[in-house]
Amino acid sequence: MEEPRMSLEQPKVPITDLTNHTRTTIPSYFDELLTELAPHSDEAQMDNPMIYSQVYSPDELRQRFARIKHVFSDADGTILPEGLHAIPSVYVHLLHKLTKVSIQTTIITGKPLAEVAPIFKAAGNDAPFDVICEKGAYIASITDSNEVKIDHLLSSVELEKEVLEARIAWEEFTFTTQTKSRPYYFGWSGSGQHRSLISIDIFAEQPPKDYLMMTGQIRDTIKLKNKELLKIAETEIEEFFKSIQPEWRVVHLGNANTDITPHLIEKDIALESSMSFQNAKGVLLLGDTNNDRAMFSLKNRSPKVTAGQVLYRQGNIPLIESSDAVTIGMANCLPYLRLLLETHSK
């Protein structure tokens with residue numbers, strides 16, 4: 001996948017005012033827009049320069065961005081193109097420029113450490129961001145020797161043990177005993193190396209032995225697409241985990257992916273406990289899927305929060321109702337970063 005090609009020197013970020021729309025008409029508006037702009041490819045319009053705001057006028061949105069001092073961004077689909085292991089260099093360049101105007105960035109993701117380390121290392125020793133991984137379970141940082149260090153944040157050794165026991169129970173239920181014939185198959189999401197949450201993909205066919213090495217669009221080709229079967233599979237996942245851990249959250253993220261998270265592990269809890277969040281005059285949250293709804297819920301609990309969604313995959317990734325603004329295209333957070341720089345540059 002090519003990196004965004006937009007020039008960093010464009011003088012002003014274009015903002016489309018959608019405040020005359022209602023919450024009921026906004027989702028269909030974006031569905032039509034996605035169909036028009038990217039009918040054949042999720043990655044089309046990755047460099048679309050527009051920000052669409054259904055909550056604020058262009059002037060109001062610029063005023064809010066002028067108060068922002070910290071960015072908390074999801075990874076896959078938001079600042080990191082799916083299937084890649086490095087943040088595009090144009091984004092890294094902009095994040096460095098934002099640090100010079102006292103805007104810090106933290107990536108907060110459901111990825112395990114094994115998938116976070118390459119992101120850090122690709123950005124170099126002076127990576128202009130921190131990373132909170134596994135939805136707040138751990139915080140990762142780069143040492144002086146360019147090694148990735150990880151510390152417990154919301155997780156603990158005891159919680160890791162509970163998650164491991166639940167993983168083993170799920171494997172026995174689905175993979176080993178195979179108590180019934182299913183028209184679909186289960187597998188681990190990503191690299192399968194989560195320690196404080198469980199993430200499951202649903203496949204239309206038996207995944208190959210090396211499927212954990214498959215990423216992005218390659219893995220998507222074997223995921224289950226049938227909506228009726230997806231509902232059945234998601235119900236099976238939910239019923240199993242509710243039977244062994246009734247307090248854990250089961251979230252169906254779309255794209256045949258489900259996360260099962262201990263009740264103490266979630267992005268919003270991690271952010272609220274963060275001094276960076278507490279001390280920032282204004283906060284920008286960036287996300288793309290249902291996985292970010294909990295994080296976006298902070299908008300309803302704190303007036304300093306502005307929430308921006310990166311929307312793609314027409315019909316598959318829903319609009320998050322609490323978002324203030326939207327950009328179109330896979331990992332197209334560039335307009336948000338440019339607007340930050342525009343409103344903080346003297």
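Residues numbered from 1 in each chain as written. Predicted model: local features only at pLDDT ≥ 70, side-chain atom pairs only at ≥ 80, totals over all residues. Heavy atoms only, no water.

Colleague: Requested: an account of the packing of helix H3 (residues 89-99) against helix H11 (residues 334-344), with residues and values cited.
Modeller: Any two packed helices are characterised by how steeply their axes cross, that is the angle between the axes, and by the distance between the axes. As a packed pair, H3 and H11 sit with axes 10 Å apart at the nearest point and diverge in direction by 25°. One element, H3, and the other, H11, form an angle in the roughly parallel class. Relative to H11, the crossing made by H3 is left-handed. Listed contacts from H11 to Val-90, Tyr-91, Leu-94, Leu-95, Lys-97 and Leu-98 of H3 are Leu-334, Leu-337, Arg-338, Leu-340 and Leu-341. Of the residues in the contact of H3 with H11, the class split is 9 nonpolar, no polar and 2 charged. (Axes fitted to C-alpha atoms, helices over the stretch in contact; angles between N-to-C directions. Helix = DSSP H or I, 4+ residues; strand = E, 2+ residues; numbered from the N terminus. Parallel < 35°, antiparallel > 145°, perpendicular 65-115°, else oblique. Left-handed = near helix turned anticlockwise from the far one by under 90°. Contact = heavy atoms within 4.5 Å. Nonpolar A, V, L, I, M, F, W, Y, C, P; charged D, E, K, R; others polar.)

Colleague: Requested: an account of helix H4 (residues 113-123), with residues and values cited.
Modeller: All buried positions along H4 are accounted for by Glu-115, Val-116, Ala-117, Ile-119, Phe-120 and Ala-123. Those residues of H4 that are buried lie in contact with strand E5 (130-133), strand E6 (138-142) and strand E7 (148-152). Positive phi shows up at Gly-124, right after H4, with a value of about 90°. (Buried < 20%, exposed > 50% of the residue type's maximum accessible area, 1.4 Å probe, protein only.)

Colleague: Please provide a residue-by-residue account of H11, values included.
Modeller: Within H11, 9 of the 11 residues are buried, which leaves it mostly tucked inside the rest of the structure. Inspection of H11 places Leu-334, Pro-335, Tyr-336, Leu-337, Arg-338, Leu-339, Leu-340, Leu-341 and His-344 among the buried residues, and these make up the whole buried set.

Colleague: Residues and numbers for the layout of surface pockets, please.
Modeller: Computed from the structure, the largest pocket encloses a volume of approximately 820 Å³. Taken together, 39 residues make up the lining of the largest pocket; nearest its centre are Asp-76, Lys-111, Glu-115, Ser-189 and Gly-190. Listing elements by their share of the lining of the largest pocket, those giving two or more residues are H4, strand E9 (198-203), helix H6 (216-220), strand E10 (249-254) and strand E11 (257-261). (1 Å grid on protein atoms, 1.4 Å probe; cavity = no way out; pocket = protein on both sides within 12 Å on 5 of 7 lines; lining within 4 Å. Points joined across faces, edges and corners; volume = space filled by probe spheres on them.)

Colleague: Could you give me a rundown of the sheet that holds E11, with the residues and numbers involved?
Modeller: Working definition: the strands of a sheet are paired by backbone hydrogen bonds and lie parallel or antiparallel to each other. Taken in spatial order, the 4 strands make up an open sheet running E8-E9-E11-E10, and their pairing is antiparallel. Both outer strands of the open sheet, strand E8 (185-188) and E10, are each paired with one neighbouring strand and no more. Shown here is a sheet whose adjacent strand axes are inclined to one another by a mean of 25°, direction ignored. Note: E10 against E11, 5 bridges, orientation antiparallel. By the bridge assignment for E11, Gly-254 is matched with Asn-257. Set on the sheet, helix H7 (residues 227-244) makes contact with E8, E9, E10 and E11; between it and E9 the angle comes to about 150°. (Pairing = 2+ DSSP bridges.)

Colleague: Break down the packing of aromatic side chains for me, citing the residues and quoting the values.
Modeller: Tallying each qualifying case throughout the model produces 13 aromatic pairs. Taking NZ or CZ as reference, Arg-167 lies 4.1 Å from the ring centre of Trp-188, over its face. (Phe/Tyr/Trp six-rings, centres within 6.5 Å; stacked < 30°, edge-to-face > 60°. Lys NZ or Arg CZ within 6 Å of the ring centre and 35° of its normal.)

Colleague: I'd like a rundown of the pairing of strand E13 (residues 305-311), residues and numbers included.
Modeller: For E13, a buried count of 7 out of 7 residues is recorded, marking the element as mostly surrounded by other parts of the structure. Residues Val-305, Ala-307, Gln-309 and Leu-311 of E13 are buried on one face, and the alternating residues Thr-306, Gly-308 and Val-310, pointing to the opposite face, are buried as well. As paired elements, strand E12 (residues 283-287) and E13 share 5 bridges and run parallel to each other. Following the sheet pairing, Leu-285 is matched in E13 by Ala-307. Note: E13 against strand E14 (residues 325-328), 4 bridges, orientation parallel. Note on E14: the bridge partner recorded for Gln-309 is Val-326.

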